Each structure stands twice: as structure tokens, then as C-alpha cells.
Amino acid sequence: MSVATATKPVTTRDLRARKGGEPIVCLTAYTAPMARLLDNEVDLLLVGDSLGMVVYGLPTTIGVTLEMMIAHGAAVARAAKHACVVVDLPFGAYQESPEQAFRNAARVMMETGCAAVKLEGGTEMAETVRFLVERGVPVMAHVGLTPQAVHALGGFVSQGKTEAEAEKILADARAVAEAGAFSVVVEGVQEALARRITEALSVPTVGIGASPACDGQVLVVDDMLGLFSDFKPKFVKRYAELAPQVAEAVRTYAAEVRSRAFPAPEHCFGVKR
Ligand code: KIV
């Protein structure tokens with residue numbers, strides 16, 4: 001039986017054990033209703049800091065606060081009965097020191113009820129990953145195109161194109177995995193590099209824009225449902241086009257309100273039908 005159809009909650013240990021096996025299915029979720037819709041179909045619900053762009057209309061993830069992550073993390077964790085819930089630590093909440101990272105990760109876990117946190121970075125974050133894991137905080141790492149470093153990377157552009165850059169990303173992935181991360185998100189790299197990383201690590205890789213060579217896949221749910229249409233990265237597949245359906249429904253509602261066709265008798269109290 002696939003983990004996604006089982007009824008018991010998926011743990012970080014279950015996900016860790018999926019290395020090289022059935023691919024891990026992950027989507028982002030930011031709200032309780034969406035988490036309820038996705039929960040039985042996926043293994044992992046990621047409360048990504050992409051919510052800054054998708055929900056709050058920010059230009060990057062850099063303005064996302066710990067309070068935003070906690071509010072959305074708590075909503076998703078309350079709704080999820082099956083999938084493992086992982087919450088992103090936002091920019092500025094963990095880079096200063098392992099102690100700062102632990103303080104904020106503990107708040108996120110205590111106030112949301114999530115199973116793990118995710119943080120971006122490689123070799124430079126390995127000490128922090130180890131510090132958190134040794135103190136009971138499961139960590140998902142994130143290497144390659146790390147959106148919180150968008151200004152340092154020169155935009156949302158694929159990474160690891162030269163051999164030196166590819167070696168650096170491979171070393172980053174090894175460092176965070178050896179430090180105890182239970183899984184590593186690999187974003188925005190070519191298939192050959194994703195394969196090298198996946199083969200090198202003893203923990204599962206979860207790819208986004210990183211080819212099928214990874215041990216699992218993640219997408220931003222609003223992207224794959226066609227709800228977020230500001231831009232469409234090359235790696236996104238639209239499994240639905242919901243934005244036009246929403247627009248059409250709202251157009252019909254507006255017309256019916258203006259013509260007084262809505263509300264009809266069946267929507268009114270005290271009116272015999
Ligand atoms: O913030 C996010 O949603 C993410 C995933 C897209 C990997 O980090």
C-alpha cells in the first residue's frame with residue numbers, strides 16, 4: 001500500500017525510509033481548506049515561505065515573517081490528519097546562529113504542531129542543521145536555487161550550470177544530509193546534477209525544477225492548479241486551469257446580483273418554495 005493511501009500519519013522517519021523507493025509526493029499548502037483537500041493524496045504538506053508571493057503578493061519570499069509562517073503552519077497542521085507537515089523557517093529566522101535557529105524552530109513546532117522545519121542553505125548551514133536535529137527538531141534542507149538568496153543568486157535562475165557550481169551544490173547537499181537532515185529539497189538544477197546528488201545522499205531528495213531523478217517531487221499548489229498566474233516557471237505543469245473558472249463564476253455572480261436573479265427563493269429564509 002502506498003504511504004499516501006494509508007490512514008496513519010506520515011512521519012519524517014517514514015519519509016526518510018522512502019529513499020530510492022516509491023517517490024515522495026509533496027505539495028505546498030497555506031490554508032486549512034486546501035490542506036484538507038490535499039491531505040489524503042500527498043505524503044508531505046509543505047507550508048512554504050512561497051506563501052509570501054502566492055498569498056500576500058510580495059515580490060520575493062524575503063518579507064515573510066515568523067508570525068506569518070506560524071499562523072499558516074498552525075492552520076495546515078490542524079487540518080492535516082495524514083500527511084507530514086513541514087513548515088519553512090523564513091529569511092532572518094535562522095541564519096544568525098544555531099541558537100537563534102533553535103529558538104525559532106522550537107516556536108514554530110510548539111505553536112503550529114508541525115512535524116519538522118525546512119531551511120535553505122548548504123555547507124554554511126550544516127552546523128545549524130546538526131544543532132537542531134540533536135535537539136529533537138527534524139530538518140528538511142533546501143539547496144540549489146534557494147529563493148531566500150534570490151538577490152545573491154541574481155534572480156530566480158537555474159543553478160549549477162558550470163562544473164564548479166555543480167560541485168558546490170553537491171557539497172552543500174552532502175553537508176546538510178551528513179548533518180542529519182531527513183530529506184533535501186533540490187531546486188532549479190539540471191537532471192545530471194540532480195542525479196549525482198540523489199545518488200550521493202543516503203536521504204531522499206525532493207525536486208522542484210530538478211528532473212525526475214529525485215526521490216520525490218514538490219510543486220507550489222497554486223501553480224499546479226493554475227490559480228497563481230503572475231508567472232509560470234518552466235518546471236511547472238498545470239494540472240488544472242482554475243483561474244478562468246473562478247473569473248467566470250465571479251462574473252456570473254456579479255451579473256445575477258445586478259439583475260436580482262440572486263438570491264433566489266431557495267436561498268432566502270421564510271420564503272416558501
Ligand atoms: O517555499 C516553498 O514553497 C518552497 C518549495 C517550493 C520547495 O520552498
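Scroll up to find the structure.
Residues numbered from 1 in each chain as written. Predicted model: local features only at pLDDT ≥ 70, side-chain atom pairs only at ≥ 80, totals over all residues. Heavy atoms only, no water.

S.K.: Explain the sheet that holds strand β5 (residues 139-144) to me, please; I cannot follow it from the model alone.
M.R.: Adjacent strands of a sheet pair through backbone hydrogen bonds, lying either parallel or antiparallel. If you walk around this closed barrel you meet the 8 strands as β1-β2-β3-β4-β5-β6-β7-β8, and the pairing is parallel. Geometrically, the sheet is characterised by an average inter-axis angle of 25 degrees between neighbouring strands, direction not taken into account. Strand direction decides the pairing type here: strand β6 (residues 183-187) and strand β7 (residues 205-208), joined by 4 bridges, are parallel. In the strand pairing of β7, Val185 is matched with Val206. (Pairing = 2+ DSSP bridges. Helix = DSSP H or I, 4+ residues; strand = E, 2+ residues; numbered from the N terminus. Axes fitted to C-alpha atoms, helices over the stretch in contact; angles between N-to-C directions.)

S.K.: Can you walk me through the pairing of β7 in this structure?
M.R.: Strand residues, when the strand is regular, have side chains that alternate between the two faces of the sheet. Of the two faces of β7, both are covered, the one formed by Thr205 and Gly207 as well as the one formed by Val206 and Ile208. When β7 meets strand β8 (residues 216-219), the two strands line up parallel, connected through 2 bridges. Its bridge partner lying in β8, Val206 is registered against Gly216. (Buried < 20%, exposed > 50% of the residue type's maximum accessible area, 1.4 Å probe, protein only.)

S.K.: Sorry if this is basic, but what is going on with the site of the ligand here?
M.R.: In the vicinity of the ligand, the contacting residues are Thr28, Leu46, Gly48, Asp49, Ser50, Asp88, Lys118, His142, Val185, Ile208 and Val220. The side chain of Asp49 places a nitrogen or oxygen atom 3.0 Å from an oxygen atom of the ligand. Between an oxygen atom of the ligand and a side-chain N or O atom of Lys118, the distance comes to 2.9 Å. Of all the cavities here, the one that holds the ligand is the largest pocket. Class assignment for the residues of the shell around the ligand results in 4 nonpolar, 4 polar and 3 charged. (Near = heavy atom within 4 Å. Polar contact = N/O pair within 3.5 Å; in protein donor to acceptor, adjacent residues only side chain to side chain. 1 Å grid on protein atoms, 1.4 Å probe; cavity = no way out; pocket = protein on both sides within 12 Å on 5 of 7 lines; lining within 4 Å. Sits in = over half its atoms within 2 Å of the grid points. Nonpolar A, V, L, I, M, F, W, Y, C, P; charged D, E, K, R; others polar.)

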